[in-house]
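# What the coordinates show
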There are 2 protein chains.
Amino acid sequence: MKFLSINRFLPVFLAGCILIFLIRSAHSQNKPSDFVKPLIGTNGEGNTYPGAVAPFGMIQLSPDTEDNLWETASGYEYSDSSIIAFSLTHFSGTGIPDLGDIRFMPQIGKPWFVQGPKSNPDSGYRSRYAHTDEEASTGYYSVKLKDNGVRVEATAANRAGMFRFTFPASDSASILVDLSKNLRWNVIWSNIRVVNDSTITGFHMVNGWAKERYVFFTAVFSKPFRDYVIMSDGKKVFYNGYRFRSSSECAGKNIQFLANYTTSGNEQVLVRVGISSVSAENSGKNLQEEIRGWNFEQIRLNTRKKWDAELGKVEIEGTQDEKETFYTALYHAFLTPVLFQDVDGSYRGLDQNIRQAKGFTNYAIFSLWDTYRATHPLFCLLQPKRNADMINSMLAHYDQSVDHLLPVWSLCGNETWCMIGYHAVPVIVDAYLKGISGFDAERAYSAIKTTAMNPDYDNVKTYATLGWVPFDKENESVSKTLEYAHDDFCIAQMAKALGKNADYEYFLKRSMAYKNLFDKSTMLMRGRDSKGNWRTPFKTHEYVDGGDFTEATSWQYSWYVPQDIKGLIDLQGGNKSFCVKLDSLFTFNDNSSQNVDDIQGRLGEYWHGNEPSHHIIFLYDFAGQPWKTQELVHKIIRSQYGNKPNSLSGNDDCGQMSSWYLFNAMGFYPVCPGTNYYAIGSPVIPKATIHLAGGKDFIMKAENLSDKNVYIQKVMLNGKACDKPYFMYDELKNGGELVFTMGPKPNKKWGGNVDFSELNLVKP
Amino acid sequence: MKFLSINRFLPVFLAGCILIFLIRSAHSQNKPSDFVKPLIGTNGEGNTYPGAVAPFGMIQLSPDTEDNLWETASGYEYSDSSIIAFSLTHFSGTGIPDLGDIRFMPQIGKPWFVQGPKSNPDSGYRSRYAHTDEEASTGYYSVKLKDNGVRVEATAANRAGMFRFTFPASDSASILVDLSKNLRWNVIWSNIRVVNDSTITGFHMVNGWAKERYVFFTAVFSKPFRDYVIMSDGKKVFYNGYRFRSSSECAGKNIQFLANYTTSGNEQVLVRVGISSVSAENSGKNLQEEIRGWNFEQIRLNTRKKWDAELGKVEIEGTQDEKETFYTALYHAFLTPVLFQDVDGSYRGLDQNIRQAKGFTNYAIFSLWDTYRATHPLFCLLQPKRNADMINSMLAHYDQSVDHLLPVWSLCGNETWCMIGYHAVPVIVDAYLKGISGFDAERAYSAIKTTAMNPDYDNVKTYATLGWVPFDKENESVSKTLEYAHDDFCIAQMAKALGKNADYEYFLKRSMAYKNLFDKSTMLMRGRDSKGNWRTPFKTHEYVDGGDFTEATSWQYSWYVPQDIKGLIDLQGGNKSFCVKLDSLFTFNDNSSQNVDDIQGRLGEYWHGNEPSHHIIFLYDFAGQPWKTQELVHKIIRSQYGNKPNSLSGNDDCGQMSSWYLFNAMGFYPVCPGTNYYAIGSPVIPKATIHLAGGKDFIMKAENLSDKNVYIQKVMLNGKACDKPYFMYDELKNGGELVFTMGPKPNKKWGGNVDFSELNLVKP
């Protein structure tokens, strides 16, 4: 290994200056990256992170301000005034903390080996910072640490990233690498090796949300260590003359490494770091393949270009605020699932064996209860190849599953079983029905069917025989019944398409299970036990953790029949009474669940901050009152999205909140994943051009759009008047034009034409 | 996976009967295996184990009776009356416990998930047993568990083994697999997966003597589980209806698996199990490659044949007792180092990365402070190919060492730094000087030199500049100085042979460092501090843990100059005074160190039970009194070796105690490893034929040998009279004949001819 001397840095420095100039020039051409503000969603419930990451990147270098609170699942809360350290991995928008692996923190003076509490940053390596000294953009994060004056910058490639620490002059500068922590959970074991005068490798294994998760890393420092120390359980690792002990390696539960330096004023020490789920060696291979030299600006520019290419798949017109909101939402939608394989194609499988991704790229972190709704449908439009690879990744997970189940909420070689349902199904079926190629349909169907017939998982078997999930056997029984029914509808669609008629009939029957839980006495979905008795007493507006509903009330879940909206409307007595009831959802107020997690973004009892509500607004479309859909879309977007750190009303949930916005900004929404139609909402931006994968463009225009002109007057689709409140994927997939004419008042004559026979069900 | 029905077992049963017949027939032909009694050394300090193992096998299925006491490092102590369980890995003869990974234990009735103490076997899965119900032979172990009547049998291939459990009729039979324990140390993490109705896989990671050691396994049961349970922290792993949890997999610190069965009388349930350091998948590959069906007897026979082939490399004449002693010693010498790579050539390296053994077979467990003395020199004769592979394994270790050190005491991908010196050096040099091919001499020399010049390890650097290891900087400073000096002598030999004259001079000078610690006032080796001051007070017979001597006294270590025996004799004032002093070593008695570990097998202050004494007897040869060597060899062999469980006077130390015996039984000993001569002792068996690797035989005959006729009258070597008390490896390597004529009294005229100029030093 060679090291550049200061003199040899000069050409690098000049090249850097030129790159900065180029970046700034690029700025003037208004690339999508110019509008990305990663800090959106970092204040409050959004749970996004501001750090440096490539599109769907495996590594996310980002500051952590909080490592314990459930509400700060990404590690960064905008309202915190101090930063603990900068770690290598982060969730975007989950409701549960984890990751935050392998911390790096520059220090000046006597080094700390404890982080210190928020209440007293001076008692640990934690440092104060100010948002005025902070910058976040695509592939780049920068902040000045107030307490020691060190500027920290980070950029990221796919599996490797780079820190740039700008130190003041000091003979006690240091960089701490802390392996002993992650966000909230327990580091079970770790090791570290000082490979040479500027390279360390190691790993830690975390028992957390994921029960057994391995992160290996290799970090190369641009400047050889003046000296270094490994700490184990807070004690220096050294040979005391009794029995030899290497001071260059250690294994244990609580390990830290400190590189000491004497620095001149404004001296930059860079650290490039690669990660892997497979081995320390592979983390080095990933690093070597992706970041070889010390050109921070080049990495930053490369990643920015990648982002511009990804984000540029949709070009929009709109105000600066709208563009910031839109492109940051798109950015957030393009973070998860993350790449989860090394440059040699290997990755850690669900069975903890090292697997080789053959013929596909492996992805991890599937927050499927969230993302089946709008994120994967968005990927069908904008990331069809990646979506196919995600499906292949889910099928590999299935192959490795000892329970023969597709992923539920999978996390880097682990299944967390978080949330409910078998929502890999709508993801796969949605892609299949939309003709996304790149995965084996028969293999996928086999996995789907086996999953839906699992004898052990969440009383699916009881549901299949009884017709509902009984609350005396299973918690969240109503939500499970309703979501299973939708999943089963999806299976029926795919079975039909594959000519499996018996399966079609079987799963179509199961998809009607929602009717079994419709209680005519309350006109709501209600729990039933295994003998058929209704849940009594039945508190229709009550949120009960572990009750019959998943993070919701009966009033919210009673609308969850996306697969048979007509059937649901009929149960409610037809369009009129259906809409009256629906109206009251948006006006009912009850303070009983005021402080419940996951219930944010309230509009009456419609809680936009969590997923069970996400499809509800579009039901008006199918009950003859599409103007209410239009009105509410605008209302929600104006009140619950935006370009501020606190603009996300709920957990972004790996992009689902953002995906909801993205569809609706363009005027349509996949109300029933696993079908090939979109409900028409009401656009909030004047124009969007979707560059489809096949090379064609689909253009949305909203004429006369304004804050007041939120109601559709007419719709032209591919040159023809569209009087239906929905349109087919087939009308979009080959490119075309969707032109809305907007006005200040509802056009109640528009959109009443609903032909349920062309929705949902694949024709026999 | 297919399972044999009971009916389909019939041909297997018949084949088994035939095999048993064949085995018994083989017995009648007196194969070496007939004389192997694995129980030798299991009572007391020997620390061997009785279980099933192939030659140098990676897996050792053996009962554990004790999992905590330092003195029961192999897990089995003959005097214990109850067995905890049967685990898959075991040390042979070490002084420190570890391994004992992955326990299997059959139970009847309500299953226990705790082992229970020796004092009350009824309070755990532990069971009483009797030696009358126990059988141990090459590749086979069997015992009947008194408490539940289950017979347990085990056999082993290289990386996989098989248990055969013969149950009584019971509706509550079970087989426990306990991942939560090993011998003495801490299981940090484990996981388990029930792959199908008769297969489990998993691993555990142990922080023990080896700081981070992984054992993966796959176990296939011959009979599908009636049902099973995984326990974690003593609680059943199951789904309670709240958030799904698989009952078929678990990860944690304290995991057990129980397979439940209903058995008929004498029903046999077999379990075949493979292990790996790499992955669960690889443990399955190892199993699949080595043991496919359920033919226990076939595996047993195959391994017995392997043993006969290895043990048959030496054919001896002698009594039954002598043959049992000899072949069991050879068996013990052929257990360690163990094979440490999977069938695909992969293994876990010292850096915990998965490595591929290219062009060699990888071995692990190098107890070098012990085995450089006689075990590896024995391998030069009997296992030259394996010895070369062991050297290649040590070089791979070196390549992976963050400290750039050859192994000191390496343990399955870990360095323990146990004991002192850099004794990979004499192993490599000994093999090199003896012309053992199969490793790259220049590469080996580079590793040797870098190791000997290490700036951090055990004050080698201070030693190199000061001329001794100062006791104020380093413990065991005298032993280290003396052993470094011998190691350096070896380096000098190899340097000379490779034409590295400057290195030769440098290391030859270092090899004379022993002189710096010879204290003329006491005529003993004595500690000096970094200023040159002698250790004061100096208690010449005192054993001090962590003092100036390694598990020994000054009186013992003062003889440790194998590389310059003439120099040592001169320091003592010539042959006469040297022998007078040496005589007193064998007669001095002091009770002060009576209960010290590692000091066993006393003959005065000569403690044969530990290695620092092993070369001393042969010094008489070079000081004109070879008959004392002859007398003492017999005395020690008759008193401290034999064919009983308690026959080993000290830890077998991975074969070193046994190797000492093996050489001496044949009449010679490698008094100075890293040279090409053997000191002549006095044979204890009448004839031995060594089948050398090249196809030639070297035959030793001892004419007129009896219990009284222990003195050499004359020696004929390759047809010529040999009047020197040593001979050269070159005189042996192409085959030949060494004929002793023995008598009841010393022939003091024999053996006085010592030409030091032909010993040790490679001529310039």
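Residues numbered from 1 in each chain as written. Chains lettered and ligands numbered in written order. Predicted model: local features only at pLDDT ≥ 70, side-chain atom pairs only at ≥ 80, totals over all residues. Heavy atoms only, no water.

When you go through chain A residue by residue, the secondary structure sums to 18 helices and 38 strands. Against the compact-globule benchmark of 27 Å for 764 residues, chain A has a radius of gyration of 26 Å, which places it among compact chains. Projected onto its principal axes, the C-alpha coordinates of chain A cover approximately 85 × 55 × 50 Å. Among the 764 residues that make up chain A, the fraction classed as buried is 67%. Of the contacts made within chain A by residues no fewer than 6 positions apart, 70% connect residues no fewer than 24 positions apart. Counting only carbon and sulfur atoms, one obtains 50% of the accessible surface of chain A, whose full area is about 24800 Å². Positive and negative side-chain charges of chain A, numbering 79 and 83 respectively, have mean locations separated by a distance of 2 Å. (Helix = DSSP H or I, 4+ residues; strand = E, 2+ residues; numbered from the N terminus. Rg over C-alpha atoms; globule rule 2.2 N^0.38 Å. Buried < 20%, exposed > 50% of the residue type's maximum accessible area, 1.4 Å probe, protein only. Contact = heavy atoms within 4.5 Å. Areas by Shrake-Rupley, 256 points an atom, 1.4 Å probe, with all protein chains shown as cover. Lys, Arg positive; Asp, Glu negative; His and termini not counted. Charge placed at Lys NZ, Arg CZ, Asp CG, Glu CD.)

Glancing now at the interface of chain A and chain B. At the junction of the two partners, chain A supplies 50 residues and chain B supplies 51 residues. Interface area for chain A against chain B, summed over the two sides, is near 3900 Å², with a carbon-plus-sulfur share of 49%. Of all residues in chain A, W189, F244 and V402 of chain A give up the largest surface area on contact with chain B, accounting jointly for 18% of the area buried on that side. Joining chain A to chain B, the criterion identifies 4 salt bridges. When residues of the side of chain A that touches chain B are traced back to their parent elements, those giving at least two are β12 (186–196), β13 (199–207), β17 (249–252), α2 (280–290) and β23 (354–356) of chain A. Here the side of chain A that touches chain B takes 6 residues from β12 of chain A, the largest share from any one element. (Buried area = accessible area lost by both parts, 1.4 Å probe. Salt bridge = Lys/Arg side-chain N within 4 Å of Asp/Glu carboxyl O.)

What follows concerns the sheet that holds strand β11 (residues 170–178) of chain A. Residues and elements named next belong to chain A. Spatially, β1-β2-β4-β5-β11-β18-β15-β16 is the arrangement adopted by the 8 strands of the open sheet, whose pairing is antiparallel. What marks the edges here is a single partner per strand, and that holds for β1 (52–53) and β16 (235–236). Bridge analysis of β11 against strand β18 (residues 255–263) gives 7 bridges, and the strand direction is antiparallel. Residue pairing for β18: L176 is matched across the bridge by L258. (Pairing = 2+ DSSP bridges.)

The next thing to look at is the domain arrangement of chain A. Residue and element names in this part refer to chain A. With domains assigned, chain A is organised as domain 1 (33–310) and domain 2 (610–764). The C-alpha centroid of domain 2 is placed 41 Å from the C-alpha centroid of domain 1. Overall, the association of domain 1 and domain 2 removes approximately 960 Å² of surface from exposure, summing both partners, and the carbon and sulfur fraction of that is 54%. If you sort the residues of domain 1 by the area they bury against domain 2, I40, N43 and E45 come out on top, with a joint share of 40%. Summed over the shared surface of domain 1 and domain 2, the number is 0 salt bridges. The interface formed by domain 1 and domain 2 includes 9 residue pairs in polar contact (both at pLDDT 80 or more). (Domains from an automatic or database assignment. Polar contact = N/O pair within 3.5 Å; in protein donor to acceptor, adjacent residues only side chain to side chain.)

It is worth spelling out the state of the cysteines at this point. Overall, the coordinates contain 0 disulfides over all chains when judged by the stated rule. The cysteine C672 of chain A is free of any disulfide, with C490 of chain A supplying the nearest cysteine sulfur at 5.9 Å. We note that C579 of chain B lacks a disulfide partner, and the nearest cysteine sulfur, in C672 of chain B, lies 18 Å from it. Of the residues examined, C579 of chain B reaches a relative accessible area of 1% and is grouped as buried. (Disulfide = S-S within 2.5 Å.)

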